Every structure is written in C-alpha cells, then in structure tokens.
Amino acid sequence: MSNSDIFIGEIIGTAVLILLGGGVVAAVVLKRSKARNAGWLAITFGWGFAVMTAVYMTGVLSGAHLNPAVTLGIAIKDNDWGNVPVYVAGQLLGAMLGATLVWIAYYGQFHAHLTDREIVGDPAEKAIEGPHDGGAAHAGPVLGVFSTGPEIRNVWQNLATETIGTVVLVLAVLTQGLNDSGKGLGPIGGLIVAFVVVSIGLSLGGPTGYAINPARDLGPRIVHALLPLPNKGGSDWGYAWIPVAGPLIGAAIGAGIYNIAFA
C-alpha cells in the first residue's frame, strides 16, 4: 500500500464510518427525525454496520484501520511505525468530513432541535448564567451526535471504561480481524470486528458512549465547535482528552497482551 492509498482510503473509510455512525445517533436523538427514540440498540447496531460498511469499502486501499487505536495496536505488534502518521492524519480528516456530512444530511433536524425551547431552554437566561452555572453546560444539546460524553463524570472511571473497551477491540482486531498481510482488516475480519463493536456498545457503552477511537471523537468534536449551529452550547473540551487517551492506552495494553500471549 502506498502512502497515497493509505491516506485516501482512511479519509474515505473514516468519513463513511462517522457519516453512518453519527447519522444513526442523529436519527435517534434529533427532533423531527423519523427514527427518534429508536433507542440504544439502534445506535449500537448502527455503529456496527457503519464499521462493516467502511471496512468493506476501503479495506483494499488502506487496510481500513479507521481508528488510531487500531493503527497503534498494529504498529506495536509489528514494531513498524513508518505509516502511522499517514494513517492518523487520514483518520482525523475523514472523521471531520463525516461529521460535516451528518450536519448536512440532518440540517433541518438540527435547526428544529436547537430552536425548541423544551430542548435548549431560554437562550437569554443561559447568557445571563454564563460562567456561573456551576459547569452544567459542559456539553451542548447535540454534542452527543458528534462526540461521546459520560453519564457520570468521574475521570478515573471514564478513562478506565474507554481503556477496557479498546483493549477488547484491539485484541479482536489482532487475533481475528487482520488480512493475510497482517496490515489491516480482511473481509471476514471486518465482519467479526463489526459485531465486536456492537458487543462493546451493548456491554460497555453505557458509562461513556464508547468512543474506543480517538479520531472518531476528536474530529467530530472539532466540527461541533466550528459549525454555525444555533444554541449549540459547549463542546466539552474538559472531557475531550479521555476518549483520546483511553483508547490509546487500551491499544497499547491490547497489543502488549497479544505479543505476550498470541505472538
């Protein structure tokens, strides 16, 4: 795989991942969406199918890592770091592109949601509260479409949850998901990993929303901060390091377990 193939493949694949994954969240939570209130099962299976679609679409180009944690895990397994920056750059750009496409696809629903007084309250009152609201406005009312956030804000637990989930993901990729070259996901492996993502979401997604992917969380969070969404609220930058650090720690642990137990 050339650097250009890797870069283009990761941009396309991660954009599709976020378009379909963020899209199912938008479908479930935004007002005037036909799928509103479809629930957590819809979100977890939507993300799993998003992974499957993106892997099958771009595996031939880049190996479809689509996740800096996966890239890190494979690099540790092989002790090969040469293409890591290209993968991560493509993943971050692709995640930002995918999040922007979600905004375009659900433009009317975002506007309806963010102009509803039952959802956002009185903007004038919020402006008066400002920094004296005790930190209640960490995350705006649609940030969950773009990025993850904890149900209970506890740093060590949130970090541990993201770490544990990513250990499971990276071990699944390294033991079951790799193609014949060992550099990315293969056809059967992509299907297996898609169901592992569903399993992680169902079993471990409750506390933090299971980012398990730094680019998946950081790229869309940047887009949320930049988009001209009315009454969008904060992007919760105080939490943003956890869904980056937790998956990277989990990837290192997962790859270490693989090298000790399976290699």
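Just so you know, these numbers come straight off a predicted model, no measurement behind them.

## Looking at the confidence of the model for the chain
Counting all residues, the mean pLDDT for the chain is 94, and 94% of those residues have values of 70 or more. Predicted confidence is poor over residues 128–136, with pLDDT under 50, and the contacts of this stretch with residues over four places away or in other chains come to zero contacts.

## A word on the pattern of salt bridges
Tallied over the full model, the rule gives six salt bridges. Between Lys-77 and Asp-78 there is a salt bridge, and its shortest N-O distance comes to 2.6 Å. Judged by relative accessible area, which is 29%, Asp-78 ranks as partly exposed. The closest approach of N and O atoms between Asp-80 and Lys-183, which form a salt bridge, is 3.6 Å.

## Observations regarding the packing of helix H1 (residues 3–29) against helix H4 (residues 84–105)
Interaxial distance between H1 and H4 falls to 6 Å at its minimum, and their mutual angle equals 35°. Judged by the sense of rotation from one axis to the other, the crossing of H1 with H4 is right-handed. Looking at the contact of H1 with H4, its residues break down into 16 nonpolar, eight polar and one charged.

## A closer look at the side chain of Arg-221
Along the chain, Arg-221 turns up in helix H11 (residues 214–226). Excluding its chain neighbours within four sequence positions, the residues that come into contact with Arg-221 are Leu-143, Ser-147, Thr-148, Ser-235, Asp-236, Trp-237, Tyr-239, Ala-240 and Pro-243.

## Points about the packing of aromatic side chains
According to the stated counting rule, one finds five aromatic pairs in the structure shown. On the numbers, 5.8 Å between centres and 70° between planes, the contact of Trp-40 with Tyr-210 is edge-to-face. With Trp-40 in helix H2 (residues 40–62) and Tyr-210 in the loop between helix H10 (187–204) and H11, the pair connects residues that are 170 residues apart, well separated along the chain. Assessed through its relative accessible area of 35%, Trp-40 is described here as partly exposed. Judged by relative accessible area, Tyr-210 falls into the buried class, the value being 6%. On the basis of an interplanar angle of 20° and a centroid distance of 5.8 Å, the ring pair of Tyr-258 and Phe-262 is categorised as stacked.

Calculation criteria
Residues numbered from 1 in each chain as written. Predicted model: local features only at pLDDT ≥ 70, side-chain atom pairs only at ≥ 80, totals over all residues. Heavy atoms only, no water. pLDDT = per-residue confidence, 0-100. Contact = heavy atoms within 4.5 Å. Salt bridge = Lys/Arg side-chain N within 4 Å of Asp/Glu carboxyl O. Buried < 20%, exposed > 50% of the residue type's maximum accessible area, 1.4 Å probe, protein only. Axes fitted to C-alpha atoms, helices over the stretch in contact; angles between N-to-C directions. Helix = DSSP H or I, 4+ residues; strand = E, 2+ residues; numbered from the N terminus. Left-handed = near helix turned anticlockwise from the far one by under 90°. Nonpolar A, V, L, I, M, F, W, Y, C, P; charged D, E, K, R; others polar. Phe/Tyr/Trp six-rings, centres within 6.5 Å; stacked < 30°, edge-to-face > 60°.

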